[in-house]
Each structure stands twice: as C-alpha cells, then as structure tokens.
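Examining the three-dimensional arrangement
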Amino acid sequence: MTDGGKPPIKDWATDFDHTHPDYARKAPEVWEELRQTCPVAHTERFGGTWLPVRHADVSAIAHDTEHFSSEGVIVNEFKPENLAPIGYAPPITSDPPFHQMARRLLLPAFAPKEIDRWEPATRKACNDLIDDLLAGGATEVDAAVQYAQHIPVRVIAEMLGVPEEDGDKFRTFIHRVLEAPGEGIGELPYEETLDYYLRQVIEDHRQHPRDDLIGFLLNAEMDGNPLTDDHITGTVALLLIAGIDTTWSAIGASLWHLAQRPDHRKRLIEDPDVMVFAVEELLRAYAPVTMARIVAKETEVGGVTMKERDWVLLPFPAANRDPEAFERPDEVILDRTRNRHVAFGLGIHRCLGSNLARMELRTAIEEWMRRIPDFELADPDAVRWSTGQVRGPRELPVRILATAGSR
Amino acid sequence: MRVRLDSEKCQGHGRCYALAPDLFESDDEGYSVLKITGDVPAELEEAARLAADNCPEFAIELDEG
Ligand code: HEM
Ligand code: SF4
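1. Here we look at the pairing of strand E1 (residues 2-5) of chain B
Residues and elements named next belong to chain B. Burial along E1 is one-sided: the face carrying Val 3 and Leu 5 is buried and the face carrying Arg 2 and Arg 4 is not. Where E1 and strand E4 (residues 60-63) come together, four bridges link them in antiparallel fashion. Bridging from a neighbouring strand, Arg 2 pairs with Asp 63 of E4.

See the structure below:
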C-alpha cells in the first residue's frame, strides 16, 4: 500500500521511516521484529538516524547526556546546529548544566499538589464535551475529534492564560512541528507562525499582567536576571506543544482499547480501585511519545557505533514492550502491579507535565466511562493513527451502546 | 524491612508517593522524600514493595532483612 506518495518500507532494519503511515499503523510489530533481528535499526533518511528498541538501550541513551544532546528532539531534514546547551525550547532542548536551571523554574507549577487544583476544571471540560457529544441523541461519534483532542487544550490554555478559542490554531502549529516537521519552512507568512502568535500573547500579558503561567515566566528570574524573550517564547511554545498531542493521543488510545474490550470496560466500572493501575498500564501499552537526541560524541550502544551528529530516536513505547523488562508485554493487564513503564521518559528530562497528563487521562477515562459505559468501534478500518514521534488515534469513530448518569 | 530512596536516581516520576503515600511524599518540585526512618511497619511492607516495583528509575531499594 502506498500513502501520500510514500512507497512501502522494504527493510525496517536498514531503511526504517518512522514518519511512514505503515509505522503509524503497526509500530509494535516493527519493534518486535527489530528486537529479534537487530536490535538497533538504522536508516540513511534524515541524514542518518538510529532506532534502538530494547529497554536497556533506550535507558542507556536517555541517561547519557554526555554523548547524547537534546539540541534536536524531533527528527527531520533540518538538524539544529550550535544551539546547545539552551536550544530553541528550554528545557526540552537543553543540555546540562543549563537544563537544570530552566527545568527547576517550572517544576513547582507542575508538582502534584498544584496539578490537583486543576482537576475540577478538567472534569468540567470532559462533561461539557460529553454533553455536546450526546446532544440530539447521537449514537456515532468521533472520540478523538470530538472528545480527546479538546481536553488538554482547554486545561493548558487556562494554565498559561491564552484564549481557549485559539485551540484550532494551536493544533495547526503543533501539527507542523510534530507531524510534518521541516515541511514548508520559510513558505509561511510570519503572521501565521507560532512564534508570531506567542509574541503577541506574551506582549499582551506584559501590558495586562495576570496570575497565570505566562505571567509567572515574565516575573521569573534565573541567576538574578529576567528570562530572555526567546526563552519565554520557547518555553510557552513547548508547554503548548508538549502537552496537547501527547495527552490527546493517550486518551484516544485508551478509549480505542476500551472500545474493543468489554471485559475491561466492565472491570473499570465495577472496581474503581483498579484505576490507579489501569491508567499506568494504558500508558505503558500505548505510550504515545518517542523522543530523539543528536549524538554529541561518538559512542557505542547495543553493538553499533553512533557517529557525532547522527540522529537517534528514543522510542519509549518500544522500551515499554520489551519482554526483558516486562512480563507478557503485549498484553494489557489492567491491574499490573509491577510496572516500571517509561512513557514519560527516563533521566533528567522526565516529562515535566506527567502529573498533569496523568490527571487528565484518569479524569477523561472516568468521565467517559461514567456517562458512556458501553461503546464499540464503529468501523475499525476508519481509525487513523498519527505519523511521526507522537502516536495516537486522530480519527476514532465509536458507536455508543449505552449511556448512564449525568453531570 | 528497610527501605532506601536514592535521591540521585529519583527523577520525580511520582509513582511511589501515589502508591505508598504513608511512606513517601512529594517535595515542592515533585521529587520523592522518604517519610519514615528505621523499619517499615509491617502493615506498610506491601505498599513498600509496590512502590519499589513501579519506580521507573530503580531509585527505591528494599532490604527485606
Ligand atoms: C500522556 C501525555 C504525555 C506524554 C506521554 C509525555 C511524554 C514525555 C516524554 C517522553 C518526555 C521526555 C523528553 C525527553 O526525554 O527528551 C517529556 C518531556 C516533557 N513534557 Fe511531556 N508528555 C505528556 C504530556 C505532557 C504535558 C501535559 C505537559 C505539560 C504541559 C508536558 C510537558 C513536557 C515538558 C515541558 C517536557 C520537557 C522536560 C525536560 O526537558 O526537562 N508533557 N514528555
Ligand atoms: S517513583 Fe522513583 S523516580 Fe518516581 S518519585 Fe518515586 S523514587 Fe522518584
């Protein structure tokens, strides 16, 4: 099958393409095959890129900031250069020692206690969306388009202090960065770019100070100096980009799973205590995020020599399905009690938004299951998965079989 | 049973204080802090094992003694 003019991949070990629709569709099978044959795959694409798939290799790279730089985290034809240690979106693109300073600034706002405050707003957003879904007695709805994608947008927009109505704009910006990176660079008028949008929003906060995350960044200091405009813009861009597609994917993939598993739906409803394990298990099995690094100094991993400036993908989702690290990795075991999954990464860049993402995922599943306890895929072939480094269903038509409760 | 938290390894994944809130708590930045000194009370041993088994960074060590 070809898609968008892309010929099929003949050999995943020597010529993989993680932006290919085949990868989007069947990534777990590709990792399984590679784990047995490689286990570090390579491609000449994007100027030379590696793909480790074992938990041990992914972990070694994520913990080794000496040989691997975060200067580039999204693999594409345009490799960032001379941006380390700060990078274009601190702290995700930053290396030590700068990384630690930029990260610590943000940590308190994303610590569990702070995030708990946002749960009522999240629950309300979920219920507003479900009200809209069910209005008029609809029986077929798109759980990704009409539900999952809006939840993280509403919450992060409120946290940052940007208009929620701009949600469509964010998703366009994000699509450019994550799903079609590098495409069409320089062709857009500046007024239509994320950078322009954010500089307007930040200027507006300067004129009208507010008690939100952007307001906080405008007042923040590092080493006694205010943050540069580039730092603030990069961080706000990161918080928008890092939190939306990722969480949308996790919610969507979880609903995709539940749509196919009546036994799991039943378990969640009858045994709410299992939720704390179920959320982690769904994150393990359907981890949406693959990161990347640029090799800073030649080194060896999993028996291959990675050269300076090569790209390396960090597929946390593949690590989560490594039989060396997890028992029965391809099975979703809702009450799995030994689960060191790495959906949120490993090492110093551990997802800053993990507490927020978990709260959103749990709340989104709880509210959906409470009000739509029975549902199934309307057409399995109509489910469309995203391509690139964030993997999740972008179209997810489901048939509603039963509704219950009210808000 | 004794429990040890390696703060060098902890990256604040937060699994331990979610699963064993009587043994661990979050500091202001989300990193874990051990709440007890000395032996783990018998009724918390199960929780301690759960925390150790779910830490992605292998930062929690148990001495079953
Ligand atoms: C299920 C949803 C999410 C997943 C699976 C996820 C996954 C990840 C992963 C794997 C990393 C590590 C990056 C690396 O090693 O280079 C990361 C970093 C990050 N994430 Fe998330 N993320 C999610 C949601 C969020 C949310 C909601 C936010 C906040 C708005 C967020 C903000 C960040 C930031 C700022 C970083 C960079 C941290 C650093 O470099 O120190 N993420 N995320
Ligand atoms: S689970 Fe591990 S990494 Fe996470 S906070 Fe606890 S000790 Fe730290």
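2. Structural notes on the interface of chain A and chain B
On the side of chain B, 19 residues touch chain A, which itself brings 24 residues to the contact. Taken over both partners, the interface formed by chain A and chain B buries close to 1900 Å², and the fraction arising from carbon and sulfur atoms is 46%. If you sort the residues of chain A by the area they bury against chain B, Leu107(A), Arg340(A) and Arg350(A) come out on top, with a joint share of 29%. Put simply, chain A and chain B have three salt bridges between them. Taking the shortest distance from any N to any O, the salt bridge between Glu29(B) and Arg104(A) comes out at 3.0 Å. Between the two partners, chain A and chain B, sit eleven residue pairs in polar contact (both at pLDDT 80 or more). Among the elements of the structure, helix H4 (98-106), helix H5 (112-116) and helix H14 (275-285) of chain A are those that each provide at least two residues to the side of chain A that touches chain B. Here the element with the most residues in the side of chain A that touches chain B is H14(A); it accounts for three residues.

3. A few points about the packing of aromatic side chains
Residue and element names in this part refer to chain A. Evaluated as defined, the whole model comprises nine aromatic pairs over all chains. Taking the centre distance of 5.9 Å and the plane angle of 35° together, the rings of Trp 12 and Tyr 23 count as tilted. Of this pair, Trp 12 sits in helix H1 (residues 12-15) while Tyr 23 sits in helix H2 (residues 21-37); the two residues are eleven residues apart in sequence, bridging distant segments of the chain. Assessed through its relative accessible area of 5%, Trp 12 is described here as buried. Overall, Tyr 23 belongs to the buried group, its relative accessible area being 5%. Taking the centre distance of 6.4 Å and the plane angle of 75° together, the rings of Tyr 23 and Trp 31 count as edge-to-face.

4. Description of the coordination of the iron atom of ligand 1
For the iron atom of ligand 1, the protein contributes exactly one donor atom, Cys351(A) (SG), at 2.3 Å. Tracing the backbone through its elements, the reader meets Cys351(A) in the loop between helix H15 (316-319) and helix H16 (354-371).

5. Topic: the site of ligand 1
All names here are of chain A. Within the structure, ligand 1 sits among 28 residues, and His 99, Arg 103, Arg 293, His 349 and Cys 351 are positioned closest to it. One nitrogen or oxygen atom from the side chain of Arg 293 is found 2.8 Å from an oxygen atom belonging to ligand 1. At seven residues, the largest contribution of residues to the shell around ligand 1 is made by helix H12 (residues 229-260). Partitioning the shell around ligand 1 into residue classes produces 19 nonpolar, seven polar and two charged.

6. Comments concerning the side chain of His20(A)
Residues and elements named next belong to chain A. Here His 20 shows up in the loop between H1 and H2. Accessibility expressed as a relative area gives 1% for His 20, which makes it buried. Within the local environment of His 20, its side chain forms a polar contact with the backbone oxygen of Pro 7, the two atoms lying 2.9 Å apart. Apart from the residues lying within four places of it in its own chain, the contact partners of His 20 are Lys 6, Pro 7, Pro 8, Ile 9 and Thr 387.

7. Comments concerning the environment of Glu331(A)
For Glu331(A), the position within the fold is in the loop between H15 and H16. When the C-alpha atoms of Glu331(A) and Ala285(A) are compared, they prove to be 7.9 Å apart, with 46 residues separating the residues in sequence.

8. So, the site of ligand 2
Every residue close to ligand 2 is listed here: Leu5(B), Cys10(B), Gln11(B), Gly12(B), His13(B), Gly14(B), Arg15(B), Cys16(B), Ser32(B), Cys55(B), Ala59(B) and Ile60(B). Of the residues contributing to the shell around ligand 2, the split by class is six nonpolar, five polar and one charged.

9. Observations concerning the environment of Pro97(A)
Summarising the element assignment, Pro97(A) is placed in the loop between strand E3 (68-69) and H4. Each C-alpha atom, one on Pro97(A) and one on Pro85(A), is 7.6 Å from the other, the two residues being twelve residues apart in sequence.

10. Re the nonpolar core
Ranked by size, the top nonpolar core spans 60 residues in total, and within it Met159(A), Leu160(A), Phe170(A), Leu23(B), Phe24(B) and Ile60(B) carry the most contacts. The element that contributes the greatest number of residues to this core is H12(A), accounting for seven residues. Discounting chain neighbours no more than four positions away, the residues touching Ile60(B) are Val3(B), Arg4(B), Leu5(B), Cys16(B), Phe24(B), Ala51(B), Ala52(B) and Cys55(B).

11. Describing the sheet that holds strand E7 (residues 290-295) of chain A
All names here are of chain A. On the basis of which strands lie adjacent, the open sheet formed by five strands has the order E1-E2-E10-E7-E3 and mixed pairing. The two strands at the open ends of the sheet, each matched to only one other strand, are strand E1 (40-43) and E3. Sheet analysis places E7 next to strand E10 (residues 311-315), joined by five bridges and oriented antiparallel. When the sheet's bridge partners are listed, Ile 294 is paired in E10 with Trp 311.

12. Let's talk about the pattern of salt bridges
Counted according to the given criterion, the structure contains 43 salt bridges over all chains. Glu280(A) serves as the salt-bridge partner of Arg15(B), at 3.7 Å between the closest nitrogen and oxygen. Of this pair, Arg15(B) sits in helix H1 (residues 15-19) while Glu280(A) is found in helix H14, placing the two residues in two different chains. The partner of Arg49(B) in a salt bridge is Glu64(B), and the shortest N-O contact between them spans 3.0 Å.

13. Regarding the packing of helix H6 (residues 119-134) of chain A against H16(A)
Residues and elements named next belong to chain A. One can describe the packing of H6 onto H16 by two numbers: an axis separation of 9 Å at closest approach and a directional angle of 40°. The angle between H6 and H16 falls in the class oblique. Classified by chirality, the crossing of H16 by H6 is right-handed. Where H6 abuts H16, its residues Glu 119, Thr 122, Arg 123, Cys 126, Asn 127, Ile 130, Asp 131, Leu 133 and Leu 134 lie against Met 359, Glu 360, Arg 362, Thr 363, Ala 364, Glu 366, Glu 367, Trp 368, Arg 370 and Arg 371. Of the residues assigned to the contact of H6 with H16, the class counts are seven nonpolar, three polar and nine charged.

14. Quick look at the sheet that holds strand E11 (residues 374-377) of chain A
Residue and element names in this part refer to chain A. The three strands lie next to each other as E4-E14-E11, forming an open sheet whose pairing is antiparallel. Two strands in the sheet have a free side with no partner beyond their single neighbour: strand E4 (140-142) and E11. Mean inter-strand twist for the sheet, computed between neighbouring axes without regard to direction, equals 35°. Looking at chain direction, E4 and strand E14 (residues 397-402) are connected through three bridges and run antiparallel. Note that in E14 the partner of Glu 140 across the bridge is Arg 399.

Cut-offs used in this document
Residues numbered from 1 in each chain as written. Chains lettered and ligands numbered in written order. Predicted model: local features only at pLDDT ≥ 70, side-chain atom pairs only at ≥ 80, totals over all residues. Heavy atoms only, no water. Buried < 20%, exposed > 50% of the residue type's maximum accessible area, 1.4 Å probe, protein only. Helix = DSSP H or I, 4+ residues; strand = E, 2+ residues; numbered from the N terminus. Pairing = 2+ DSSP bridges. Contact = heavy atoms within 4.5 Å. Buried area = accessible area lost by both parts, 1.4 Å probe. Salt bridge = Lys/Arg side-chain N within 4 Å of Asp/Glu carboxyl O. Polar contact = N/O pair within 3.5 Å; in protein donor to acceptor, adjacent residues only side chain to side chain. Phe/Tyr/Trp six-rings, centres within 6.5 Å; stacked < 30°, edge-to-face > 60°. Donors = N, O, S within 2.8 Å, 3.2 Å for Na, K, Ca; no water. Near = heavy atom within 4 Å. Nonpolar A, V, L, I, M, F, W, Y, C, P; charged D, E, K, R; others polar. Core = buried A, V, L, I, M, F, W, Y, C linked by side-chain atoms within 4.5 Å. Axes fitted to C-alpha atoms, helices over the stretch in contact; angles between N-to-C directions. Parallel < 35°, antiparallel > 145°, perpendicular 65-115°, else oblique. Left-handed = near helix turned anticlockwise from the far one by under 90°.

Just distances and angles here, no functional claims.
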